[in-house]
Amino acid sequence: MSEARQFKDHHREARLFFSRALFAGVVIVLLTALLVVRFYSLQVTHHEDYVTQSDRNRVHVLPIAPTRGLIYDRDGELLAENRASYTLSVVHERVEDLGHTLELLSDLVTITPNDIEKFNDQLRQRRRPFDAVPLRYNLTEDEIARLAVNEFRLDGVEVHAQLVRYYPHGEMFAHTIGYVGRINERELAGFTEEEYQQYSGTHSIGKIGLEKAYETQLLGEVGYQNVETNARGRVLRVLESGDPKPGKDLVLHLDTELQREAFAALEDNRGAVVAVDVKTGGILAAASAPSFDANLFVTGISFKDYRALNQSADLPLFNRFLQGQYPPGSTIKPVVGMAGLHFGVVTPEDTIYDPGYYRLKNDSRFYRDWKRQGHGTKVDLKQAIAESCDTYFYDLGHRMGIDDMHSFGYQFGLGEKTGIDVPNERRGLWPSRDWKRGARGLPWFPGDSLNVAIGQGDVLATPMQLGVMVATLASRGKHYRPQMVASVGGEPRPPELLGEVSVSEEHMNVIIEAMEEVVHGVHGTAQRIRRGAPYRMAGKTGTAQVVAIAQGEKYDSEALSERNRDHALFVGFAPLEDPQIAVAVLVENAESGSGAAAPVARRVFDAWLLRETE
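Residues numbered from 1 in each chain as written. Predicted model: local features only at pLDDT ≥ 70, side-chain atom pairs only at ≥ 80, totals over all residues. Heavy atoms only, no water.

**With respect to the UniProt feature "binding site: Zn(2+)" (unreviewed entry) in the protein**
Taking the UniProt record as the reference, the feature "binding site: Zn(2+)" (unreviewed entry) is found at D354, D369, H375 and C389. A maximum C-alpha distance of 8.9 Å places the annotated residues, which cover 36 residues in sequence, within one compact spot. Of note, D369 is situated in the loop between β15 (367–368) and β16 (376–379). With near-sequence residues (within four places) excluded, D369 lies in contact with D354, G356, Y357, H375, C389, D390, T391 and Y394. Position of C389 among the secondary structure elements: in the loop between α14 (381–386) and α15 (390–400). You can call C389 buried: its relative accessible area is 0%. (UniProt positions renumbered as here; feature names shortened; annotations may be inferred. Helix = DSSP H or I, 4+ residues; strand = E, 2+ residues; numbered from the N terminus. Contact = heavy atoms within 4.5 Å. Buried < 20%, exposed > 50% of the residue type's maximum accessible area, 1.4 Å probe, protein only.)

Spelled out as structure tokens, the structure:
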């Protein structure tokens with residue numbers, strides 16, 4: 001063999017093979033790791049997104065909003081209805097560049113900064129992937145056409161018809177029916193999982209009034225559709241569906257014509273009117289003036305409109321008949337007088353001398369009567385109510401004391417929420433020893449009882465409480481819970497008797513006869529409203545101080561600003577022989593219960609009683 005013959009270098013070949021195998025192994029490991037990372041991303045990190053997108057390409061569950069229940073007045077007139085509206089919505093997950101899409105939409109339709117802000121707010125809220133978020137409501141036909149022509153440029157943009165709440169009477173029932181509005185972040189955060197599902201088909205919820213109080217009944221139950229879609233989210237066919245259940249309709253005790261008359265009678269004044277069905281406690285009218293157009297809130301009120309309402313000195317958003325707490329003044333004198341009879345402090349025949357003031361023993365303060373020269377030498381209870389003699393009630397309050405006054409007034413609902421089926425009611429204030437000790441850390445003084453006896457001092461009542469009080473008098477002691485709603489879904493809501501005032505028929509007759517004298521007596525404080533009336537009424541006027549008048553000074557209307565003048569009040573019922581309707585009226589800063597508030601009540605009585613007898 002030749003010495004030049006070459007032999008294989010097995011070691012070298014082994015090293016080369018090993019290096020190549022190692023390189024191949026590293027590449028395989030890296031590729032495997034990459035696959036594992038990608039697999040983890042697909043199956044774990046972005047699992048929900050891809051599952052949702054995958055399902056959307058095949059089957060997607062669409063919630064179907066139920067039709068919200070309607071609200072009718074007692075005669076079947078619609079007070080809250082649903083109107084078809086075209087809504088522009090955006091599915092964020094299907095939009096590549098949201099900012100660009102919004103700019104493009106702004107060129108095609110009118111979109112305000114307020115719309116954009118509310119859209120962004122809803123976008124941040126908890127929602128399911130691929131849920132459409134509304135951007136603009138109430139599109140016009142021209143706007144719908146422009147969007148349809150540009151559909152190919154608008155991936156993720158939808159235009160669909162939906163029912164939107166509408167209030168035909170605008171301002172008239174804003175404080176009673178209330179309104180619905182967009183679900184906000186705070187409300188959404190408080191939803192249970194069940195509530196979240198219930199509202200998956202709608203963007204609105206009851207905010208105030210009956211819309212809020214009866215939200216569960218009005219809402220209905222959401223339906224669904226299982227639909228097959230393509231990759232662009234377009235529905236190809238409906239695979240399965242479940243019909244939504246419409247909300248229940250409400251029929252109210254409220255009467256539209258009576259409500260209209262109450263507003264008209266208040267004219268341009270700030271005030272409230274409450275009319276109660278004496279037989280059932282049903283609320284026939286409840287007006288708070290000034291009011292506002294509830295339709296402004298349904299799809300989102302503009303900042304300009306809300307600022308105008310919220311900053312108005314007349315407080316149109318404030319529900320005066322339910323949340324306004326005012327000194328009731330002399331309107332509570334019939335209750336105080338009945339308490340005096342009931343506890344044997346006075347008899348109908350007892351009289352006092354009224355020099356125009358009252359003084360406690362060993363007290364230099366003069367408690368003035370509204371009539372400076374007094375009401376005479378022999379003022380009995382009937383005259384004291386008919387002519388609103390403060391001196392008589394100062395004496396009665398002092399002799400009876402706060403304990404009996406408080407317990408008796410409580411039976412008429414003073415100082416407690418009436419329990420009406422509208423939220424956010426305030427309770428007023430019917431003072432007691434315990435209240436003063438707890439609230440102010442002070443004992444009860446005799447002078448406090450004098451102020452309570454004429455409805456001043458710490459006494460506060462809402463117009464609704466005064467309406468319930470006078471309805472209880474009209475029904476001769478039957479204290480009903482006031483109710484706005486007469487039936488829900490066709491099921492009547494029966495009257496609810498809360499209690500009966502423990503007083504004798506004789507004492508009740510004395511007080512009602514005295515209230516009749518207020519209107520039909522020669523010297524009655526409201527005798528002017530009886531003119532031309534084909535029926536008889538009972539009532540009581542009241543004037544409540546807004547600012548205190550110093551000892552010895554006279555009330556000077558000209559020296560006070562308009563908003564510091566006395567409030568005017570009136571409570572009453574009719575017809576006298578068989579009471580059907582009880583009314584409470586408050587007119588802010590109108591000064592005269594007989595001149596400003598009583599005529600409002602007369603117009604309401606006429607609107608109800610004369611129409612009923614035609």
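**A few points about the environment of Q411**
With respect to the helices, strands and loops of the structure, Q411 is situated in the loop between α16 (402–410) and α17 (433–440). In this structure the C-alpha to C-alpha distance between Q411 and E500, which are 89 residues apart in sequence, comes to 7.7 Å. The residues contacting Q411, other than those within four sequence positions of it, are H479, E500, V501 and S502. For Q411, the side chain forms a polar contact with the main-chain nitrogen of S502, separated by 3.1 Å. (Polar contact = N/O pair within 3.5 Å; in protein donor to acceptor, adjacent residues only side chain to side chain.)

**Observations regarding the sheet that holds strand β22 (residues 567–574)**
One open sheet accounts for five strands, arranged β12-β11-β23-β22-β21; its pairing is antiparallel. Edge positions in the sheet fall to β12 (283–289) and β21 (538–544), since each of these pairs with one other strand and no more. Adjacent strand axes in the sheet meet at a mean angle of 5°, parallel and antiparallel pairs treated alike. In the sheet, strand β11 (residues 271–277) pairs with β12 via six bridges, with the strands oriented antiparallel. Along β12, the bridge assignment pairs A275 with A285. Relative to the sheet, helix α20 (residues 505–520) contacts β21 and β22, its axis offset from that of β21 by approximately 70°. (Pairing = 2+ DSSP bridges. Axes fitted to C-alpha atoms, helices over the stretch in contact; angles between N-to-C directions.)

**A few points about the packing of aromatic side chains**
This model, assessed by the stated rule, comprises eleven aromatic pairs. With a centroid separation of 6.3 Å and 35° between ring planes, the pair formed by Y358 and Y394 is classed as tilted. Highlighted residues: Y358 in strand β14 (residues 357–358) and Y394 in helix α15, separated in sequence by 36 residues. Among the residues examined, Y358 registers a relative accessible area of 13% and is labelled buried. Feature note: the residues Y179, F292, F297 and Y306 constitute an aromatic cluster, connected by ring pairs. We note K436 situated over the ring of W444; from NZ or CZ to the ring centre the distance is 5.9 Å. (Phe/Tyr/Trp six-rings, centres within 6.5 Å; stacked < 30°, edge-to-face > 60°. Lys NZ or Arg CZ within 6 Å of the ring centre and 35° of its normal.)

**Re the side chain of S330**
With respect to the element layout, S330 can be found in the loop between α12 (320–323) and α13 (333–342). Within polar-contact distance, the side chain of S330 engages the side chain of K333 at 3.0 Å. Within the structure, S330 has its side chain in polar contact with the side chain of S388 (distance 3.1 Å). The contact partners of S330, leaving out residues within four places of it in the chain, are S388, D390, I454, K540, T541, G542 and T543.

**A look at the environment of R426**
As for its position among the elements, R426 is in the loop between α16 and α17. On the accessibility criterion, R426 (39% relative accessible area) is partly exposed. In this structure, the C-alpha to C-alpha distance between R426 and D350, residues 76 residues apart in sequence, is 37 Å. Look past the residues within four positions of R426 in its chain and what remains in contact with it is L322, Q323, Q325, K417, T462 and Q465. Here the side chain of R426 touches Q323 through a polar contact of 3.4 Å, landing on its backbone oxygen.

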